[in-house]
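Observations on the three-dimensional arrangement
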Amino acid sequence: MPSLIDLMLEGRKIRQHSPWPRIVVDAHLWKYAAGELAQGGWSLLGLWGEPTTVHMAVIDRDTAEVAVISLDCPSRVYPSVSQHHPPAIRLERTINDLFGLTAEDLPDARPWLDHNRWGVRFPLSDRIDALSTTAPYRFLAAEGDGMHQIAVGPVHAGIIEPGHFRFTASGETVVRLEQRLGYTHKGIEALMRGTSVERGAELAGRVSGDSTVAYAYAFSRAAEAVLQLAVPERAVWLRALLAELERLANHLGDIGAICNDASFGLMQAHCNVLREDVLRASNIAFGHRLMRDVIVPGGLGRDLDEKGRASIRAALDNIHIRFPALIELYDNTASLQDRTVGTGIVTSALARQYAAGGYVGRASGRTFDARRAPGYAPYHDLRFEVPVLDEGDVNARVWIRIREVEQSLSLANQVLDRLPGGPLRVPVAAEAGPREGMALVEGFRGDVMVWLRLDGGRIDRCYLRDPSWFQWPLLEAAIEDNIVADFPLCNKSFNCSYSGQDL
Amino acid sequence: MRKLLFQSFFRGPLTEPAPALDETAVEELAAALKRAARRRLGRSLSIREIDAGSCNGCELEIHALSNAYYDVERFGIRFVASPRHADVLMVTGPVTKNMRDALERTYHATPDPKWVIALGDCARDGGCFAGSYAVVGGVSQVVPVDLHIPGCPPPPVTILQGLLALLDRTAKTAAST
């Protein structure tokens, strides 16, 4: 297989792009890249637009080399990637909604984020007036005797984010699930444009509340890549502590919530106590329960003192003592296992094709973890395992979380053991001329990608890609042939972000 | 499972005081909330939560209200699945244009008397998302709001305080009419 380096030799390499290369290619090479994605040599990390350019970020499956491939399309048309590689479909629909760039031969030309409520079209490019009438959204058909549809959302029964699910069922069995998202679209990428790096970090931290640390982390690292900033060691290590605490809190909440969706409330009651302990310790240590706005470009906005350190230690120790009994409870409750084992299976082929990150990928045999490869500091100095299972069912996604709780406990303790002293933050100076950078950070849900171009101290373009983009479509596949009543269970085992995807 | 359940007999309730939390404040809140809720609504207050485009941070803290530390149900406050069952709509997010219709329809599906709480900084005026082409900018732009609870997101204790404030006000309004 030709490597990314070969492609670089053929395309025009953009200077001032860090840490990985960006190559401007022609339509022929663009199609070639789409073919490589379809063949499976590369995985898609992101696909985004600018008024007359499309970009894709790819990672080589074997070498973990990363590159951004760009195609100028002054005629506002570009060759569709999703025609060859379906995981790109929703991304190309979004590029059309936001920029008015058309993917040639796009297999699904329906709008995605644009519900025709904004009053404008193509908000990130040359805006035009919205359509005067709203055509009904055409859901995909499922034909056969005795089929019925169940429409759910956007307002759901639980305390969760809004989205619409259209089930077609034959009796109890789901024949097709189609998602319709975009309800929480806030226009964050447009708000980013022209603002300062600090405001950008604030917005990034509000893309998805449960991953506020991961987003601030990814945005800050992208900004630092642009500005070639070296972050002080203490901040580098503390960032990992924050990220692991966030992962712990979310996994604990999820494990409980999944069991609760199988009507096993005891597990949730216990898990939520442990989760609350983590949030309280985080609050004492960093002044915010979700640790929002603590990671900032250049370092960290707040230092960890002795009191904070002790509270985190206490929370970690408590989980270490209490959690094994909960694992045993999960493992030994037959009625619970009956619901989770064999339910909502994602095949390893699909997980690989969609480059599904986090527990969704790792429960289906995909070993990817951004902390390991491409990797970033301080994780190469820390000991941890990346748990992987092959079953791909709800049970496997629970077990990946359980194992990751154990790993995060260990990682957080390692950071506390070896936390270096010294300064916490370096000033963020304005750069001269446009420069670009990107970062990949492993959030609890999977890899968060941020691509950033700064110009004269202002954000020119920022693209934020949530791991959910490549997980949501797999939920549609996972639920097929399962019963409707198992949907909440499957959905919770994915726990995809609506806000992160809708942006 | 039996072992775990058995242990909790001897371990005592998990609502032990947390080091950084003023437990007396929580207790005070709890007692006052109970009185006010009963005066107005008998023993229960049913809340329907609506995410009108939040980042999900507020939802996490609303969830936390139900954990063993806060146990909001002991006050007769519960979160219900349908607006038809609700006394209170708790709305989060800056209200995206894509959610505006759904919010209005949920409001109209809720029987009177009803109260609306706008929860979180962006529910007040759009917060850091104000000015976006995709955002209406605050819950009160779409439905009448009785109370705003600030925070990004507000911690569970603050949400409890907000519920108390709402109940006090509705009790006073009821007394004066």
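Predicted model only: the values in this text are computed from it and were never measured.

Some points on the overall build of chain A
- The helix and strand inventory of chain A stands at 17 helices and 18 strands.
- In terms of overall size, chain A behaves like a compact globule, its C-alpha atoms giving a radius of gyration of 22 Å where 503 residues would be expected to give roughly 23 Å.
- For chain A, the C-alpha atoms occupy an extent of roughly 65 × 60 × 45 Å along the three principal directions.
- In chain A, buried positions account for 56% of the 503 residues.
- In chain A, of all internal contacts separated by at least 6 residues, the share reaching a separation of at least 24 is 66%.

Some remarks on the overall build of chain B
- Secondary structure summary: chain B contains six helices and five strands in total.
- Going from N to C terminus, chain B has its helices and strands arranged as α-α-β-α-β-β-α-β-α-β-α.
- Taking all 177 residues of chain B together, 47% fall into the buried category.
- Here the analysis covers contacts within chain B between residues at least 6 apart in sequence; of these, 81% occur between residues at least 24 apart.

Side note on the interface of chain B and chain A
- Each partner contributes to the interface: chain B provides 41 residues, whereas chain A provides 45 residues.
- If you list the elements that add at least two residues to the side of chain B that touches chain A, you get strand 1 (45-51), helix 3 (57-64) and helix 4 (97-109) of chain B.
- Taken together, the residues that form the side of chain B that touches chain A break down as 26 nonpolar, 10 polar and five charged.

Examining unusual backbone geometry
Residues and elements named next belong to chain A.
- Cis geometry marks the peptide bond from Gly153 to Pro154; its omega dihedral reads 15°.
- Within the secondary structure, Pro154 sits in the loop between strand 11 (147-152) and strand 12 (164-170).
- With omega at 5°, the peptide bond leading from Ala377 into Pro378 counts as cis.
- Note that Pro378 resides in the loop between helix 13 (371-375) and helix 14 (394-418).
- Despite not being glycine, Gln16 shows a phi value in the positive range, around 65°.
- Checked against the element boundaries, Gln16 lands in the loop between strand 1 (12-14) and strand 2 (17-18).
- Phi angles above zero are rare outside glycine, and Gln228 is one such case at about 55°.
- Looking at the secondary structure, you find Gln228 in the loop between helix 6 (212-227) and helix 7 (233-261).
- The exposed category is assigned to Gln228, around which 12 C-beta atoms lie within 10 Å.

Quick word on the sheet that holds strand 12 of chain A
Residue and element names in this part refer to chain A.
- An order of 11-12-13 is seen for the three strands of this open sheet, with the pairing classed as antiparallel. The outermost strands of the open sheet, each flanked by one partner alone, are strand 11 and strand 13 (173-180). Strand after strand, the sheet turns through a mean of 20° between neighbouring axes, direction not considered.
- Here strand 12 runs beside strand 13; their pairing, made up of seven bridges, is antiparallel.

Some details on the nonpolar core
- Judged by nonpolar contacts, the single largest core of 200 residues is most densely connected at A:Val58, A:Ala218, A:Ala222, A:Met438, A:Val450, A:Leu452 and B:Val91.
- A total of 16 residues in this core trace back to one element, the largest contributor, which is helix 7 of chain A.

Considerations on the packing of helix 7 of chain A against helix 16 (residues 487-494) of chain A
All names here are of chain A.
- At a minimum axis separation of 8 Å, helix 7 and helix 16 run at an interaxial angle of 170°. Here helix 7 is positioned roughly antiparallel relative to helix 16, judged by the angle of their axes. Touching Ala257, Ile258 and Asp261 of helix 7 are Pro488, Leu489, Lys492 and Ser493, all from helix 16.
- Counted by class, the contact of helix 7 with helix 16 contains four nonpolar, one polar and two charged residues.

Examining the pairing of strand 3 (residues 88-92) of chain B
All names here are of chain B.
- Extensive coverage of strand 3 is indicated by the burial of five of its five residues.
- Burial of the side chains of strand 3 extends over both faces: Val88, Met90 and Thr92 are buried on one face and Leu89 and Val91 on the other.
- Relative to strand 3, strand 1 runs parallel, the two sharing five bridges. Within strand 3, the position partnered with Arg48 by the bridge is Leu89.
- Where strand 3 and strand 4 (residues 115-119) come together, five bridges link them in parallel fashion.

A word on the confidence of the model for chain B
Residue and element names in this part refer to chain B.
- Residues of chain B with pLDDT of at least 70 account for 75%, and the chain-wide mean is 83.
- Model confidence for chain B, summarised as mean pLDDT per element, is weakest for helix 2 (residues 23-41) at 59 and strongest for helix 4 at 97.
- ipTM for the predicted complex: 0.94, alongside a pTM of 0.94.

Some words on helix 5 (residues 197-204) of chain A
All names here are of chain A.
- Of all the positions in helix 5, only Val197, Gly200, Ala201, Leu203 and Ala204 are classed as buried. Down the axis of helix 5, the buried set is contained in an arc of 165°. They therefore lie on one face.
- Close packing links the buried residues of helix 5 with helix 4 (188-192), helix 6, strand 14 (295-296), strand 17 (447-455) and strand 18 (458-465).

Section: the pairing of strand 3 (residues 22-25) of chain A
Residues and elements named next belong to chain A.
- Pairing of strand 1 with strand 3, which is carried by three bridges, proceeds in the antiparallel orientation. Residue pairing for strand 3: Arg12 is matched across the bridge by Val24.
- Two strands pair when backbone bridges link them, and strand 3 and strand 6 (residues 66-72) are joined in this way by four bridges, in the parallel orientation. Looking across to strand 6, one finds that Arg22 is bridged to Val68.

Topic: the sheet that holds strand 4 of chain B
Residue and element names in this part refer to chain B.
- The strand order across the open sheet built from five strands is 2-1-3-4-5, with neighbouring strands paired in parallel fashion. For this open sheet the edge positions go to strand 2 (77-79) and strand 5 (147-149), each flanked by a neighbour on one side alone. Adjacent strand axes in the sheet meet at a mean angle of 25°, parallel and antiparallel pairs treated alike.

About the thresholds
Residues numbered from 1 in each chain as written. Chains lettered and ligands numbered in written order. Predicted model: local features only at pLDDT ≥ 70, side-chain atom pairs only at ≥ 80, totals over all residues. Helix = DSSP H or I, 4+ residues; strand = E, 2+ residues; numbered from the N terminus. Rg over C-alpha atoms; globule rule 2.2 N^0.38 Å. Buried ≥ 20, exposed ≤ 12 C-beta atoms within 10 Å, placed from the backbone. Contact = placed C-beta atoms within 7 Å. Nonpolar A, V, L, I, M, F, W, Y, C, P; charged D, E, K, R; others polar. Pairing = 2+ DSSP bridges. Axes fitted to C-alpha atoms, helices over the stretch in contact; angles between N-to-C directions. Core = buried A, V, L, I, M, F, W, Y, C linked by C-beta atoms within 7 Å. Parallel < 35°, antiparallel > 145°, perpendicular 65-115°, else oblique. pLDDT = per-residue confidence, 0-100. Arc of directions from axis to C-beta.

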